[in-house]
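# Examination of the molecular architecture
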Amino acid sequence: MTILVVLFWASLAALVWTHAGYPVFAAAWAAVAPRRIRLGDGTPTVTVIIAAHNEESVIERRIANLRALDYPSELLEIVVSSDASDDRTDALAAASGVRVIRNARGGKVAAQDRAVRETSSEIVAFSDANASWEPGALRELVRPFGDPAVAYVCGQLRLQAPDGSNREGLYWRYEMAVRSAESKLGSVTGGNGSIYALRRSDYVEVDPRFGHDLSLPYLMVQHGRRAVYDPAAIASEKPTPSNETEYRRKVRMFEHCWLIVLRGRMLRGLGPRYTLQIVSHRFLRYSSGLLHVVLLATSIALVTHGWVYAAVLAAQVALFLAGLAGVSIARYYLLITLATGVALVNYLRRGVPATWKVAEGTR
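This text gives an overview of the structure that appears in the document. (Residues numbered from 1 in each chain as written. Predicted model: local features only at pLDDT ≥ 70, side-chain atom pairs only at ≥ 80, totals over all residues. Heavy atoms only, no water.)

### Overview of the environment of V188
Stated formally: We count a stretch as a helix when DSSP gives it H or I for four or more residues in a row; a strand needs E for two or more, and each element gets its number in order from the N terminus. Using a 1.4 Å probe on the protein chains alone, a residue whose accessible area is under 20% of its type maximum counts as buried, one over 50% counts as exposed, and one in between counts as partly exposed. By the convention used here, residues are in contact when the closest approach between their heavy atoms is within 4.5 Å.
Summarising the element assignment, V188 is placed in the loop between α6 (169-185) and β7 (196-199). Its relative accessible area of 0% is what places V188 among the buried residues. As a C-alpha pair, V188 and Y171 span 17 residues in sequence and 17 Å in three-dimensional space. Filtering out sequence-adjacent residues up to four positions away, V188 remains in contact with Y152, R179, E182, S183, P217, A227, V228, Y229 and Y274.

### Some details on helix α11 (residues 307-324)
Think of an α-helix as turning once every 3.6 residues; residues three or four places apart then point the same way. Filter applied, for reference: A helix is expected to span 1.5 Å for every residue after the first. Taking the helix axis as origin, the arc is that swept by the directions to the C-beta atoms.
Over its 18 residues, α11 runs 26 Å from end to end, which matches the ideal 26 Å to within 8%, given 1.5 Å per residue. When α11 is considered as a whole, its buried residues turn out to be V308, Y309, V312, L313, Q316 and G323. Around the axis of α11, the buried residues are gathered within 140 degrees of arc, so they sit on the same side. In α11, the exposed positions angled more than 90 degrees off the buried face are occupied by W307 and L324.

### Side note on the packing of helix α1 (residues 2-32) against helix α10 (residues 288-302)
Describing two packed helices takes the angle between their axes plus the distance from one axis to the other. Which entries qualify depends on this criterion: To obtain each axis, a line is fitted to C-alpha atoms, and for helices this fit is confined to the stretch in contact; angles are then taken between N-to-C directions over 0 to 180 degrees. Here the word oblique covers every angle except those under 35 degrees (roughly parallel), over 145 (roughly antiparallel) and from 65 to 115 (roughly perpendicular). Left-handed is the label given to a crossing in which the near helix is rotated counterclockwise from the far helix by less than a right angle, and right-handed is the label when the rotation is clockwise.
Packing of α1 against α10 leaves a shortest axis separation of 8 Å and a crossing angle of 140 degrees. Comparing the axis directions of α1 and α10 gives the class oblique. Of the two possible hands of crossing, α1 and α10 adopt the one that is left-handed. Along its contact with α1, which presents L4, V5, L7, F8, S11, L12, A14, L15, T18 and H19, the element α10 presents S288, L291, H292, V294, L295, T298, S299, A301 and L302.

### Some details on the packing of aromatic side chains
Just so we agree on the cut-off: Any two of the Phe, Tyr and Trp rings considered here, Trp counted by its six-membered ring, make a pair once their centres fall within 6.5 Å; the pair's planes then place it as stacked at under 30 degrees, edge-to-face at over 60, or tilted in between.
This model, assessed by the stated rule, comprises eight aromatic pairs. Ring centres of F8 and Y309 lie 4.7 Å apart, and the angle between their planes is 70 degrees; this geometry places the pair in the edge-to-face category. Here F8 is found in helix α1, whereas its partner Y309 is found in helix α11, with 301 residues between them in sequence. The exposure classification of F8 matches that of Y309, with both residues buried. Between the aromatic rings of W17 and Y22, the centroid separation amounts to 6.2 Å while the plane-to-plane angle is 55 degrees, which identifies the pairing as tilted. By relative accessible area, W17 is classed as partly exposed at 28%. An aromatic cluster is defined as three or more aromatic residues linked by ring pairs; in this entry it consists of W17, Y22, F25 and W29.

### Remarks on the pairing of strand β3 (residues 99-103)
Our working rule: Pairing between strands is defined by DSSP: at least two bridges between the two strands are required. Crossovers are marked right-handed if the path from the first strand over the helix to the second runs clockwise, as seen with the strands pointing away from the viewer.
Pairing of strand β2 (residues 76-83) with β3 involves five bridges; the strand directions are parallel. The residue of β3 that forms the bridge with S81 is I101. Read as a crossover between parallel neighbours, the route from β2 over helix α3 (residues 89-95) to β3 is right-handed.

### Focus: unusual backbone geometry
Unusually for a residue other than glycine, N54 sits at a positive phi of about 55 degrees. Along the chain, N54 falls in the loop between β1 (46-52) and α2 (59-67). Although it is not a glycine, A84 adopts a positive phi angle of roughly 55 degrees.

### Remarks on the packing of α1 against helix α9 (residues 272-286)
Convention followed: In this count, Pro and Cys sit with the nonpolar residues alongside Ala, Val, Leu, Ile, Met, Phe, Trp and Tyr, while Asp, Glu, Lys and Arg are called charged and the others, Gly among them, polar.
α9 packs onto α1 with a crossing angle of 145 degrees between their chain directions and a minimal axis gap of 9 Å. Judged by the sense of rotation from one axis to the other, the crossing of α1 with α9 is left-handed. Packed against α1, whose contacting residues are A14, W17, T18, H19, Y22, F25 and W29, the element α9 presents R273, L276, Q277, S280, H281, L284 and R285 at the interface. Per-class residue counts for the contact of α1 with α9 are seven nonpolar, five polar and two charged.

### Examining the pattern of salt bridges
Rules: Salt-bridge detection follows one rule: a side-chain nitrogen of Lys or Arg within 4 Å of a carboxyl oxygen of Asp or Glu.
Summed over all chains, the structure comprises 13 salt bridges. D83 is the salt-bridge partner of R105, the closest N and O atoms lying 2.3 Å from each other. With a gap of 22 residues between them, R105 in the loop between β3 and α4 (108-117) and D83 in strand β2 connect regions that are remote in the sequence. Judged by relative accessible area, R105 falls into the partly exposed class, the value being 31%.

Spelled out as structure tokens, the structure:
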């Protein structure tokens, strides 16, 4: 009985903290003791790298979008690093007048690493082939590098569906608010692949299975640097077309997140503030699937032992029914929670296959 009670309260506290308590705490802390960023107005040389695998349907539009940026063309290089594309991606990119680097199939990070090694700009920026940047996005993206402590900057990703029909409407805005608070505290705990940049001198080559979104921010902090968020640097993407597609993408993403959490030595050499951020926003958030299973099981076992257990069980049932009924925030939360749990099971079941970096591809 005592064990069930402890598990109930521990899982409930962890879920409430990671999804509600920590975001409020981070926002309040950032408002009271923000760490300022000294913005610059310079225009350093920049290489924008697009890692692409079979992107013939979007690559020309992507290059045209980058050419239209409000940034001096003589200071901007566009590179398409092809991950063994077997369609017309390479030919279309070359015909658009940009540099194309042809790679053996090795995944997104391997293609990015090679492009960084074979270029020489002060700043290296990265984007997906299906993204689109606002005209002033690159100017905004490089402004935080006016602060010598800043090594990594990620911009704001906006999903193009105006009504949030991809389940990332309210939930995504909530995530961006947390990211903004973390940036003001010192450094973000995660970025996004649509728009981010680093000083070349701070770029590190990570395990190709890790990916940049989660690994680069904490590595910058471990090196005594800052990883920040600039909401004025705006990129957009079309949402994924279905729940099934989004679920599969989230499971793949969280498998890599679990790999980093369990193998990436994330907590090494971090100060107490950033350690709290990582544990609260990453470790506990990715454990949501497991925590919900524990909370549900203990709620059922204890339902006759007090009103609080019955209330929590009723709340979980209501959340599930709201998701089934199509309430967007509930449905997307359940999708994320299920994906984190399935990803952990997959990771534990099959270990770390050497082919992961290939199977994941470049998206």
